[in-house]
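# Examining the three-dimensional arrangement
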Amino acid sequence: MAQLGDDPVLNHRVLQELLDSRPPGKLELPPGNHRIAEGLRVPGGWTVRGSSAADTWLISESRTGHPVLHVLGSDVAISDLGLRPAPADPGEHGGDRGTGLTIGEYLYAGTPEWISDIDVRRVHVDHGPLRTANAIGVMGAVRAVTLHDVLITGGYTGVAVHWGAAGADVSSITGPTYHPHQLTVSDLRVRDAIEGFYLSSVHDVRVTGACLRDVEMGFRLLPGDNTNRFVSSSEDVGARIEVEDVCVRWTGPRYAVRIAGWGRSEVDGVISVLAYRDSTVRNCRLAGTGTGDDWSPVRFERASGVELRDITVSTTAGDCCRLGVPD
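Residues numbered from 1 in each chain as written. Predicted model: local features only at pLDDT ≥ 70, side-chain atom pairs only at ≥ 80, totals over all residues. Heavy atoms only, no water.

The next point concerns the sheet that holds strand 15 (residues 174–178). Taken in spatial order, the three strands line up as 9-14-15 in an open sheet, and their pairing is mixed. In this open sheet, the two edge strands, each paired with only one partner strand, are strand 9 (107–108) and strand 15. Here strand 9 pairs with strand 14 (residues 164–166) via two bridges, running parallel. Pairing of Leu107 across the sheet is with Ala165, part of strand 14. (Pairing = 2+ DSSP bridges. Helix = DSSP H or I, 4+ residues; strand = E, 2+ residues; numbered from the N terminus.)

Printed below as a string of C-alpha cells:
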C-alpha cells in the first residue's frame, strides 16, 4: 500500500515513480484525502484501487489541466476511488483535459497504439460547483472498455466519448481517425452537470442503466463534425450503438436528448451525414421542460438508422430513476 503524506509534490512523485516502475502491479491507496500536485499517468498493466469511492480520494492541484488519472496503456483496472480534479477550463477541444479520468487522447503527436481492456468500477468523479470540464473522457484509439457503477457530480459532460486523430489541433489533423468501440457503460449516475454523456463518432457501444439528474442535457449521439474529411480506422463508425434504460431529469434550454446524423466541418464548413446502422435508443424516461422559447424533449436530426422505442416524456420533474443518486 502506498505511503502518502501532506506534501502534494512528494505524493505525486512517489505515486508516479511507482507507476513508472516495471513490471506493472497493484497500486493500493489507503483511506483518506490524498493531494497530488499533478495528474498521474497510468501505463499498461496496472491496477489502481482504493478502499471505497467514499473513503479514498485523489485530489489534484494541477495547473496544467492534466487528468487526475490518465490511462495510456492496455490492461488497466481502476476501482473504489474518488477523484477530484483541480479547477480547469480546457475549452471545446479539450474534452480529454481537466477530467478526473481520461482513457486515450483526442489529439496525438504521432500514430497511436490502441488501448484495450480497461475496467473502471465504483469510481466517483467530483467537480463540485464547476461546469467547465468533463468528468471522464474516452478518446481516440480506445477499445474494449467497461465503465460500471460510476458516480459523477458537477462538471460539463459526465462521460465524453470522442474520436481522435494525429495533429496539433483540429485544423492540422491528418488521417486516419480513431474511433472508440467495444465500450460498455452500465449503472452510470450523473447529477448537477451540464450533460450526462455523449457518444461522438463511435461504434459497438452499449449504455444500459443510467440516472442523469438535474442536467441541462441528458445525452447526445453525434457524428463527429470533421471525421468525413479524413480516413477512418474503421468502416463501422455509427454502427451497433445501443442506449437503453436511461432516466433524464433535465432543466436545459433546448432538449433532453439529441440524436444527430449531420455535422459541419470546422475546417471548411462542409456539412456531411453519418449513416448510423443497427442502432437503438429505447426504454428511456425524460422528465422536465426546456427553459428556451423553442424546445423539445428529443431532437432527431437526419439520423436515419437509429430506432427510437419506448421513450416516455413527462413535463413534471419527478423521480424517474431506478438508480439512487446520493445527496
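Still more ground to cover, so stick around.
The step from Arg22 to Pro23 runs through a cis peptide bond, and the omega angle for that step is 0°. Among the structural elements, Pro23 can be located in the loop between helix 1 (8–19) and strand 1 (26–28). Phi at Arg302 takes a positive value of approximately 50°, unusual for a residue other than glycine. By the element assignment, Arg302 lies in the loop between strand 25 (298–301) and strand 26 (306–314). A residue is classified by how much of its surface remains accessible, and Arg302, at 53% relative accessible area, is exposed. (Buried < 20%, exposed > 50% of the residue type's maximum accessible area, 1.4 Å probe, protein only.)

Moving on to the nonpolar core. Of all hydrophobic cores here, the largest spans 66 residues; its most connected members are Ile78, Ile103, Leu147, Leu188, Leu199, Leu212 and Phe219. Not counting the four nearest positions on each side in its chain, Ile103 is found in contact with Val71, Ile115, Ile118, Val120, Gly137, Val138, Met139, Val142, Val145 and Leu147. (Core = buried A, V, L, I, M, F, W, Y, C linked by side-chain atoms within 4.5 Å. Contact = heavy atoms within 4.5 Å.)

Our focus in this paragraph is the pattern of salt bridges. Pairs can form between side chains of opposite charge whenever their charged atoms are close. Tallied over the entire structure, the rule returns 24 salt bridges. For the salt bridge of Glu301 with Arg299, the shortest nitrogen-to-oxygen distance reads 3.1 Å. On the basis of relative accessible area, Glu301 is assigned to the buried category, the value being 13%. Each of the salt bridges in this network shares a partner with another, and the network as a whole consists of Asp204, Asp236, Arg240 and Arg277. (Salt bridge = Lys/Arg side-chain N within 4 Å of Asp/Glu carboxyl O.)

Right, let's get into the sheet that holds strand 3 (residues 40–42). Strand order in the open sheet formed by nine strands is 3-6-8-11-13-17-19-21-25, with parallel pairing between adjacent strands. A single partner strand is all that each edge strand has here, and the edge strands are strand 3 and strand 25. Strand-to-strand twist in this sheet, taken as the mean axis angle between neighbours without regard to direction, amounts to 10°. Relative to strand 21 (residues 257–260), strand 19 (residues 217–222) runs parallel, the two sharing three bridges. (Axes fitted to C-alpha atoms, helices over the stretch in contact; angles between N-to-C directions.)

Summarising the element assignment, Ile103 is placed in strand 8 (residues 101–104). In sequence terms Ile103 and Asp55 are 48 residues apart; their C-alpha atoms lie 23 Å from each other.

The buried fraction of strand 18 (residues 203–215) amounts to ten of the 13 residues, a majority that puts the element mostly inside the structure. Across nine bridges, the pairing between strand 16 (residues 181–191) and strand 18 is parallel. Opposite His181, over in strand 18, you have His203 as the bridge partner. Relative to strand 20 (residues 241–250), strand 18 runs parallel, the two being bridged by nine bridges. In the sheet register, Thr208 faces strand 20, and the bridge partner there is Glu244.

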